[in-house]
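# Overview (structure and organization)
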Amino acid sequence: MAHVHVDAPFVPLNLAVLTVSDTRDFDYDGSGDLLSTRLVEAGHWRGDRRIVADDIYRIRAVVSEWIARDGIHAVLVNGGTGFTPRDTTPEALVPLFDKTIEGFGELFRQISHADIGTSTVQSRAIGGVANRTLMFALPGSPRACATAWDGILASQLDARTRPCNFVAMVRPDAAPCASRQPTTTPVTAEHGEEKQP
């Protein structure tokens, strides 16, 4: 089970928050407010925040700008992950991914099952990374965003989390997790013989 090492340094990240909605604005954006508050309370910076309509190309344009910008370490997108015709966030993001973080969506649905039961299968929450920028697409409800932040993102965006976290992937100045450091110990074969390189 992952745990936080209190003696390791915290490394703040610069996060951008995008709300995907045809109806919300900054006066009525509970999910964007929740994510912005949570990340700042955790010690990170909010580098940008926007609201964009449920449109595959507008979503992709904003996120593409952020992943091309130096200094944005992670993008938190909320909304557009369901199955209505207007829900296109996964389709907007997946072509941008250099790598997919399959475990994010899997774990989110596992955690949310405790709250909403089998309705969790209707969430297409996804994660990926492009140009050393993490991207996470969450459902649009504040409750689902809280589940994702509290249950997954808070620890995986914290350099103190062991055995591993995503911080060194996006902040080269951060210490890598032990599991990602090169080993100098020879790997032994059966019967105690050293494997040849």
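In case you missed it, the structure is sitting above this.
For clarity, every value in this text was computed on a predicted model and none was experimentally measured.

## Things to note about the overall build of the protein chain
Counting its regular elements, the protein chain contains six helices and eight strands. Listing the helices and strands of the protein chain from first to last along the sequence gives β-β-α-β-α-β-α-β-α-β-β-α-β-α. Looking at the protein chain residue by residue over its 197 residues, the buried ones come to 47%. Just so you have it, the protein chain exposes about 10500 Å², and 54% of that area is on carbon and sulfur atoms.

## Some details on the pattern of salt bridges
Considering all chains together, one arrives at twelve salt bridges under this definition. Between Asp-22 and Arg-86 there is a salt bridge, and its shortest N-O distance comes to 3.1 Å. You can see Asp-22 sitting in the loop between strand 2 (14–20) and helix 1 (30–41) and its partner Arg-86 sitting in the loop between strand 4 (74–78) and helix 3 (89–93), a full 64 residues away along the chain. On the basis of relative accessible area, Asp-22 is assigned to the partly exposed category, the value being 43%.

## Examining helix 1
With twelve residues, helix 1 should cover 16 Å at 1.5 Å per step; its first-to-last C-alpha distance of 16 Å lies within 8% of that length. Along helix 1, the residues classified as buried are Ser-31, Gly-32, Leu-34, Leu-35, Ser-36 and Leu-39. Immediately beyond the C-terminal end of helix 1, within one or two residues, lies Gly-43, with a positive phi of roughly 105 degrees.

## A few points about the pairing of strand 3 (residues 45–52)
Note: strand 2 against strand 3, seven bridges, orientation parallel. Bridge pairing in strand 3 places Leu-18 opposite Arg-50.

## Let's talk about the packing of aromatic side chains
One pass over the structure, following the stated rule, counts two aromatic pairs. Taken together, Phe-104, Phe-136 and Phe-166 form an aromatic cluster joined through their ring pairs.

## Some thoughts on the nonpolar core
Membership of the largest hydrophobic core comes to 30 residues, with the highest contact counts inside it found for Phe-104, Leu-134 and Phe-136. A per-element tally of this core places helix 5 (residues 142–156) first, with seven residues. In this structure, Val-20, Ile-72, Leu-96 and Ala-130 belong to the second largest nonpolar core, which totals 21 residues.

## Comments concerning the environment of Thr-133
With respect to the helices, strands and loops of the structure, Thr-133 is situated in strand 7 (residues 133–138). Take Thr-133: its relative accessible area is 1%, and that puts it in the buried class. For the pair Thr-133 and Asp-98, spaced 35 residues apart in the sequence, the C-alpha separation amounts to 9.7 Å. Among all residues touching Thr-133, those that are not within four sequence positions of it are Ile-67, Ile-72, His-73, Ala-74, Val-75, Gly-128 and Val-170.

## Description of helix 4 (residues 102–116)
With 15 residues, helix 4 should cover 21 Å at 1.5 Å per step; its first-to-last C-alpha distance of 21 Å lies within 8% of that length. When we look at burial in helix 4, the residues that qualify are Phe-104, Gly-105, Phe-108 and Ser-112. Residues of helix 4 that are buried make contact with strand 6 (126–130), strand 7 and helix 5. Directly beyond the C-terminal end of helix 4, a positive phi value near 65 degrees is found at Gly-117.

## Overview of the environment of Ser-112
Its location among the elements puts Ser-112 in helix 4. Spatially, the C-alpha atom of Ser-112 lies 8.5 Å from that of Ala-148, the residues being 36 residues apart in sequence. Sequence-distant contacts of Ser-112, defined by excluding residues within four places in its chain, comprise Gly-117, Thr-120 and Thr-147.

## Looking at the environment of Val-94
In this fold, Val-94 is placed in the loop between helix 3 and strand 5 (99–100). Residue class for Val-94 comes out partly exposed when judged on its relative accessible area of 44%. For the pair Val-94 and Arg-60, spaced 34 residues apart in sequence, the C-alpha separation works out to 9.5 Å.

## Focus: the packing of helix 4 against helix 5
Two elements in contact, helix 4 and helix 5, have axes whose closest approach is 10 Å; the angle formed by their N-to-C orientations is 120 degrees. On the basis of the axis angle, helix 4 is oblique to helix 5. When the axes of helix 4 and helix 5 are compared, the crossing they make is right-handed. Facing helix 4, whose interface residues are Phe-104, Leu-107, Phe-108, Ile-111, Ser-112 and Asp-115, helix 5 presents Arg-143, Ala-144, Thr-147, Ala-148, Gly-151, Ile-152 and Leu-153. Of the residues belonging to the contact of helix 4 with helix 5, the class tally is eight nonpolar, three polar and two charged.

Cut-offs applied
Residues numbered from 1 in each chain as written. Predicted model: local features only at pLDDT ≥ 70, side-chain atom pairs only at ≥ 80, totals over all residues. Heavy atoms only, no water. Helix = DSSP H or I, 4+ residues; strand = E, 2+ residues; numbered from the N terminus. Buried < 20%, exposed > 50% of the residue type's maximum accessible area, 1.4 Å probe, protein only. Areas by Shrake-Rupley, 256 points an atom, 1.4 Å probe, with all protein chains shown as cover. Salt bridge = Lys/Arg side-chain N within 4 Å of Asp/Glu carboxyl O. Expected span 1.5 Å × (residues − 1). Pairing = 2+ DSSP bridges. Phe/Tyr/Trp six-rings, centres within 6.5 Å; stacked < 30°, edge-to-face > 60°. Core = buried A, V, L, I, M, F, W, Y, C linked by side-chain atoms within 4.5 Å. Contact = heavy atoms within 4.5 Å. Axes fitted to C-alpha atoms, helices over the stretch in contact; angles between N-to-C directions. Parallel < 35°, antiparallel > 145°, perpendicular 65-115°, else oblique. Left-handed = near helix turned anticlockwise from the far one by under 90°. Nonpolar A, V, L, I, M, F, W, Y, C, P; charged D, E, K, R; others polar.

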